[in-house]
Every structure is written in structure tokens, then in C-alpha cells.
Amino acid sequence: MPRASRTSARSRRIADEEEEAEVESSFNRKNSRSGRSRGQREVSPDEENSGEGQGDEENDAEDDEQLQTFDPSTFKDQPLIPRLAEDKLGGFIQDWLTLDNKIKETFPILNNIAGDVEETREENDKKTINKLEKAVRDLIDAKRELDIHRDVLSALQEQASKQRNLENTEERYEKALKSELNKYRSQTSRQKYANNKQFFKYKESVWIAKSDEAMPPVKGQIPAEDGDDESDDDDVEIGGATHSYICPISLKPFVTPVTSKICGHSYSREALQGYAAQNRQGATCPAHGCNKLISLAVCYNDTELEQRQKVALRRQRQRQKEVAQAEEMEVVE
């Protein structure tokens, strides 16, 4: 790096540190003046050690007086400088991301429960399955609102990095947050969920519990509301597809299935390990028409696929049993 550039960067860093120190110093001076204006006096070490003039009741009374005379004007917002924006806002963003990941972990659990409930419920008993769908919608709403909080903070962080001092940070945050939340909350159910991948997976788990046919588009399964345009042909409707539970490597039913984060195709874990070991220069996905590179490192354990496979196998065995019973009846007759 040229000497002039390094000198310039060092000067900016020193200026930021001096400004931060000045903000802290100003804050401390205000607190000091505020304390003196309330008639506080310093206690000498001898008085403190001897307990002279001190007592629990007196301390409590003094604390109460300080709380009652608290002056918010001494705690005004300070400009947000770039270094603080990176540290403080970055920490808040990470907190929201942690909560977001916790919500993501809940969706597969609800999907598996919904599949089991749908498979065993009576024809007219929809109470439990409806409660589960509401829980999924509530989670989607919560996740979206977490995303909005994180996006607004990220935008503020970017603004602070471009401006030397970002004024009115809290006001900017509250205003942008309110605007984005109102936009989302004003949407209809179709607008919120029809093209949501998590909602699609939930509906699919329920659908395949009792049907071998491809699931119809999710949009058609959500009642229209005021604000929905039935004639809107621009929306991409997410529909289901018939599922194959055969590994494209072993050509046998999945055993501990894993799914690629790159292309979305699934394989048996052990089959993929062997396939990748034989192609150390780079194993391409064996699914028809796919040439993405795959390995166990880019895959995740697909517990939802494993659950769907179990449901499909149970349904297949049930059909075989029913066919066998029907044939026995015919022989008896």
C-alpha cells in the first residue's frame, strides 16, 4: 500500500478514536454535573470504612431519590460512527440470525408431525391438522419479521459505513422497521404463503400422507381474500410433483438420504460416499440432466425426505394388504 494511503487510513482511524473518546468524555461530564445538581457529595475512604453516616435505609432512600430525579436529557442519542456501527449493529444482526436459525429447525418437526396426523386422522376430523397449519403460518410470519429486523439493521450499518456520523439512529431504525412490517402485515394469506417454500413443504407433507398423485398448486389451496387478483397470470404457482424414492447412484430405495445444497437432488449417504471416492477429480450429479459437482460436504441429512419415504412405504404395504384381502374374498365367493 502506498505510504500516502496508509497515512490517510491511519489519520481517519485516529480521528474516529478521538471522536469516540470525546463523546464518552462529554457523557461523563454530563453525568457528573447531574449528580452534583442533586446534592450528592463524595464520601471519604475513612467514612466509607467506618460506615459513618451510612446505613441500608439511608442508601435505599438515596437510591430512590436518584431514580425520581433521573433526567433523560443527559442521555441523548450520540452519532453512530463507522467503527461502532460495525461492532454494535453487527452483534445485533448476528442475534437476529441466531433466532432465525432456531425457527428454521422447527419447520421439519412440524412437517413430520403433520404427515403422521394426516395419515391417521378420520376423514372429517381436521381440528388438529388445522392447528398445525396455523402454527406453521405463525412461524413463517415470525421468521419474516425477524428477517425485516435484520435487513433494517444491515441497511443502517451500510449507511453508517458511508457517513462519518450517522445522526438519529434510533429514529431511522424505528421508521424503517415500522414501514417494512406494515407492508408485510397488510398482505393477504396468498401473498404471504402461496410462494413460500416452507409452507409448500408443509402442504406437501400433508398431501403425500394420503395421495400418490402430484400435489396441486398451493395457491389454489388458500382461500382468496380482498386484495387477491384471481386473474393475475404473472404469479408463479408452486405445485407438487410425483416423488421417486430411488437413489440415482445405487438405483435402490434411499437409505439415510442426503440432499445436495447445490442442485437439490438426493442420494443414499453410503452410495454417495462410495461414488465420490471413485471420482476424486470431481463427482458430477448422476441425476438426469444435472452436471453439478457433488460430495457429502455439500449435502445435508434430509430427514423430511426420509419421513416421506416411510409414509410412502407404509401406504404401499397397506395397498398390497387390501389387494390381497380382496383376492381372498373373490376366491371364497
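Overview of the structure. (Residues numbered from 1 in each chain as written. Predicted model: local features only at pLDDT ≥ 70, side-chain atom pairs only at ≥ 80, totals over all residues. Heavy atoms only, no water.)

Spatial ordering of the open sheet is given by β2-β1-β5, a layout of three strands whose pairing is antiparallel. The strands lining the two open edges of the sheet, one partner per strand, are β2 (266–268) and β5 (299–301). Ignoring strand direction, the axes of neighbouring strands in this sheet form an average angle of 35 degrees. Where strand β1 (residues 257–260) lies against β5, three bridges are found, and the strand directions are antiparallel. Bridged to Thr259 within β5 is Tyr300. In this fold helix α9 (residues 269–278) packs onto β1, β2 and β5, with an angle of close to 90 degrees to the strand it touches most, β2. (Pairing = 2+ DSSP bridges. Helix = DSSP H or I, 4+ residues; strand = E, 2+ residues; numbered from the N terminus. Axes fitted to C-alpha atoms, helices over the stretch in contact; angles between N-to-C directions. Contact = heavy atoms within 4.5 Å.)

Taken as a whole and assessed by the stated rule, the structure comprises 10 salt bridges. Two residues, Asp100 and Lys104, come together in a salt bridge whose shortest N-O distance is 3.6 Å. You can see Asp100 and its partner Lys104 sitting in helix α4 (residues 82–120), four residues apart, about one turn around the helix. Between Lys203 and Glu133 there is a salt bridge whose closest N-O contact spans 3.2 Å. Highlighted residues: Lys203 in helix α8 (residues 197–208) and Glu133 in helix α5 (residues 127–162), separated in sequence by 70 residues. Each member of the pair, Lys203 as well as Glu133, carries the same accessibility label: buried. Connected through salt bridges with shared partners, the residues Asp100, Lys104, Lys143, Asp147 and Arg150 form a single ionic network. (Salt bridge = Lys/Arg side-chain N within 4 Å of Asp/Glu carboxyl O. Buried < 20%, exposed > 50% of the residue type's maximum accessible area, 1.4 Å probe, protein only.)

Turning next to the packing of aromatic side chains. Inspection of the entire model under this criterion finds two aromatic pairs. Look at Tyr193 and Phe199: their rings are 5.5 Å apart centre to centre, the planes differ by 35 degrees, and that puts the pair in the tilted class. A single burial state applies to Tyr193 and to Phe199, both of which are buried. Positioned over the ring face of Tyr184 is Lys192, at 5.1 Å from the centre of the ring. (Phe/Tyr/Trp six-rings, centres within 6.5 Å; stacked < 30°, edge-to-face > 60°. Lys NZ or Arg CZ within 6 Å of the ring centre and 35° of its normal.)

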